[in-house]
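So you can see what is in the structure, the chains are spelled out below.
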Amino acid sequence: MKAYIGLLPLAIQTFFSSNITTSTRMTIQHPPNPAWKAPFAAAISSQPVTFFQLATVSESLVPRCRTLTYAGFFGETPYAGASGIPASEQNPSGAESDVLLVASDARSSKFAQLQVSSSVEAVFFIAAQWTQFRVRGSAYPISFGARCGELERRGREHVEAHMARPDGWDWDKEIRKVWERQDEKMMKSKFPATTDETPVPDDFRLLVIVPDEILHLPPGGGPATTWTAEAKNGTAEWIKGEAAEH
Ligand SMILES: Cc1cc2nc3c(=O)[nH]c(=O)nc-3n(C[C@H](O)[C@H](O)[C@H](O)COP(=O)(O)O)c2cc1C
């Protein structure tokens, strides 16, 4: 049933999410450093770039896919070298999560598609190893001032269940940090700010991908290594297995 919930309208997904007793239950705390995180991070850092493809579901239930830039695990972004954000307005260091972070913009169509279904699949091709990671889970918009309604509320709840946050950690401080790091040639040129809104433009969005299942496909065939989040004794555990998928 879990697989089909993401195809239902948001209000109905919300109903089922609050009644679901499987691994995806958002309030169940997940470890911020599951066993798949280190091999995934090592594979990504073997690449000169961190581009990947993200598939979403459109209103007409047609898949949509685009290339995005993986920006690390949510909460773990360091401050810019010469940060202009006063120390008193910065988040404390030490936050950790297994949530994938992308910088984006409200004007892109992926956010309307997440209102249809928050279910996504991300695919990373690691050329140096000739392997792929397929990351399955849910994606959400995160905005300065929490402007994205119910979907963002669910997203924040889901992310918090996958994070370890030091005392004093704050969502808006995190978004401001990521905005300050945006390169003039990437996000800021593709989606020019339409307002002078400070400290973060209205349209800037984080896209967070909260994983449920990871597949690591070996080079040249053979079974994939899988990690699946399952609820055990009130917390989630990532169970390692194998699948014949390629
Ligand atoms: C190499 C590369 C990296 C990209 N990185 C991002 C990114 O990090 N965030 C983003 O919103 N769009 C990024 N884009 C643009 C997206 O591919 C896409 O055009 C845009 O997000 C709008 O897609 P959508 O309307 O399907 O949401 C990138 C494009 C390329 C070619």
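Caption draft 1: Structural view of helix α6 (residues 171-180). Among all positions of α6, only Glu 174, Ile 175, Arg 176, Lys 177, Val 178 and Trp 179 are buried. Looking at the packing, one finds that the buried side of α6 touches β4 (100-105), β6 (131-142) and β8 (204-217).

Caption draft 2: Just the pairing of strand β9 (residues 224-232), in detail. Pairing of β8 with β9, which is carried by four bridges, proceeds in the antiparallel orientation. Of the residues in β9, the one forming a bridge with His 216 is Thr 225. A loop of six residues connects β8 with β9, the two strands running antiparallel in sequence, and Gly 220 in this loop sits at a positive phi of about 70 degrees. The pairing of β9 with strand β10 (residues 235-243) spans nine bridges and is classified as antiparallel. Residue pairing across strands places Glu 230 opposite Glu 237, the latter belonging to β10.

Caption draft 3: Representation of the pairing of β6. Alignment of strand β5 (residues 119-126) against β6, held across eight bridges, turns out to be antiparallel. Looking at β6, one finds that Val 123 is bridged to Arg 134. Joining the antiparallel neighbours β5 and β6 is a turn of four residues, in which Trp 130 adopts a positive phi near 50 degrees. The pairing of β6 with β8 spans eleven bridges and is classified as antiparallel.

About the cut-offs
- Residues numbered from 1 in each chain as written.
- Predicted model: local features only at pLDDT ≥ 70, side-chain atom pairs only at ≥ 80, totals over all residues.
- Buried ≥ 20, exposed ≤ 12 C-beta atoms within 10 Å, placed from the backbone.
- Helix = DSSP H or I, 4+ residues; strand = E, 2+ residues; numbered from the N terminus.
- Contact = placed C-beta atoms within 7 Å.
- Pairing = 2+ DSSP bridges.

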